[in-house]
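Descriptive structure summary
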Amino acid sequence: MAPKKACLITFGCQMNEYDSGRLADLLTAAGWTMTDSRDTADFIFFNTCSIREKAAQRLLNHVEQVRSLKKKKPGLIIGVGGCVAEQEGEKLLTDAPWLDLVVGPQHLPTIPDLLEKLTAKTETGRAATGSGRRPAWSRENLAELGRDDGSRTEAGGLIGFVTIMQGCNNYCTYCVVPYLRGPELSRGAGDIIDEVKRLIDNGVKDLTLLGQNVNSYGLGQSGEPTFPELLEKVAATGIERLRFTTSHPKDFPPELVRLFGSLGPLCEGLHLPVQSGSDKVLKDMRRVYTRDSYLRLVDDLRTQCPGLSLTTDIIVGFPGETEKDFEDTVSLLDTVGYDAMFSFKYSDRPQTRSAAFENKVPEEEKGRRLTYLQTRQKDITLAKNAAHVGQVLEVLVERESDRYENQLTGRARNFKLIHFDGSPELIGRTVPVRVEEAWGASLRGVRAEK
Ligand code: SF4
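What counts, and at which threshold
- Residues numbered from 1 in each chain as written.
- Predicted model: local features only at pLDDT ≥ 70, side-chain atom pairs only at ≥ 80, totals over all residues.
- Heavy atoms only, no water.
- Phe/Tyr/Trp six-rings, centres within 6.5 Å; stacked < 30°, edge-to-face > 60°.
- Buried < 20%, exposed > 50% of the residue type's maximum accessible area, 1.4 Å probe, protein only.
- Helix = DSSP H or I, 4+ residues; strand = E, 2+ residues; numbered from the N terminus.
- Lys NZ or Arg CZ within 6 Å of the ring centre and 35° of its normal.
- Contact = heavy atoms within 4.5 Å.

Right, let's talk about the packing of aromatic side chains for a bit. This model, assessed by the stated rule, comprises 11 aromatic pairs. Seen in terms of ring centroids, Y171 and Y179 are 5.4 Å apart; in terms of plane orientation they differ by 80°. Their pairing is edge-to-face. A relative accessible area of 30% places Y179 in the partly exposed class. Note on Y174 and F318: the rings are 6.4 Å apart at their centroids and 85° apart in plane angle, and the pair reads as edge-to-face. Here Y174, found in the loop between β9 (165–166) and α8 (177–181), pairs with F318, found in the loop between β14 (309–316) and α14 (323–336); they are 144 residues apart in sequence, far enough to count as distant. Both residues of the pair, Y174 and F318, count as buried. Three or more aromatic residues joined by ring pairs form one cluster here, namely Y174, F318, Y346 and F357. The aromatic ring of F415 is capped on one face by R411, whose charged end is 4.1 Å from the ring centroid.

See below:
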């Protein structure tokens, strides 16, 4: 019998991308193949994000679009996961009776089993987990996560991701994560190190430690190392490259700053979300740091590691954001000189405190500010990329280029994407490449001598 096909459709943040990748691995292990085609799929899964306004309604529109496929293929299973599934729970099954499966983020590992049950019709059609109330998240869950699905790989197994903690205690006023993913809970360092060693044995060279707020790893959990200590332990496994995301600027002690440029595998690239350049908006967002303390941290990092590449997240149009507040954000962008920025228009999300704030910025004005900011950042990114022309970067070769014949694509330690002429036997090796040209999203170079 031909293997069944699953089509995973992902909305939202990096955690969702990561979760979808994890699900793809689990399904592949259970004998499924992945497809991009909804028409030929036996299982269509929407991994949702509730960051946008009316996320549940948008989801139902998407689900409605695939409903007709059930007539052509009666065995088709349609499922919903992610934050909207967690928030809406069984209500989704009422609103969309043709849905088969609703699964909160923590229950992802149960999907292959649920599919087996649905396929074998041992249940009469429909299953719902994560029923709107977040299930208790226990240390045992994390141990389980560590053994079965706390890691995944990309780029033919060269790039690995390991979850080191879940949840968040920060309650930024615009964010639902603490409500959906629960309080911070760190995974045991022993489990993490075992997982990293296993990934290295399987060929992983570039490893990212993942969590909602990784640099508060271990805080409040006796017996676990601090995050800087954990980084040192992971570096000692022999991993070639080491990264982490996402970091909160308030949890960045000097011991962590000192590791950049001194801990060999720790790469010269850091995502440090600032969200706004205005002290008033930062206070309203409950970000706990100020513009000045953030800029001091950036200075310390660059003193310690001059070539550090920095990226950030910014929300424009937060309730009460004035033109002056927005200008403070623009000037912060100019001052820091980020290599890339991920920017969003503010939108209300259920359960968050900011949803009740007054002085909402009109949609049109939010759009204007976003366009202005993105245009400004485009120029900054191009200038940052152009500064690499003439430099030799160490490139981990990931694959043949999708766009250019006889070219390879890889990443430098600072995460810049780089294309250069070369033959496929270089894939998996780290080679020096001289940068000759800079574009907005990548670099082009030629192989250089050691
Ligand atoms: S730090 Fe703030 S924005 Fe990030 S996950 Fe926690 S509450 Fe959300």
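Among the secondary structure elements, R349 is positioned in the loop between β15 (340–345) and α15 (363–386). For R349, a relative accessible area of 7% corresponds to the buried category. Taking the C-alpha atoms as reference, R349 lies 7.1 Å from Y174; in sequence the two are 175 residues apart.

Let us now look at the environment of L259. You can see L259 is positioned in the loop between α11 (254–257) and β13 (269–271). Sequence separation between L259 and L231 is 28 residues; the distance between their C-alpha atoms is 8.6 Å. Among all residues touching L259, those that are not within four sequence positions of it are P228, L231, E232 and L266.

Omega for the peptide link from T245 to T246 comes to 5°, which places this bond in the cis form. Tracing the backbone through its elements, the reader meets T246 in the loop between β12 (241–245) and α11. The phi dihedral of Q275 is positive, around 75°, even though this residue is not glycine. By the secondary structure assignment, Q275 is in the loop between β13 and α12 (279–285). We classify Q275 as buried; its relative accessible area is 7%. Although it is not a glycine, V288 adopts a positive phi angle of roughly 75°. Along the chain, V288 turns up in the loop between α12 and α13 (291–304). Looking at V288, the relative accessible area reads 61%, which means it is exposed.

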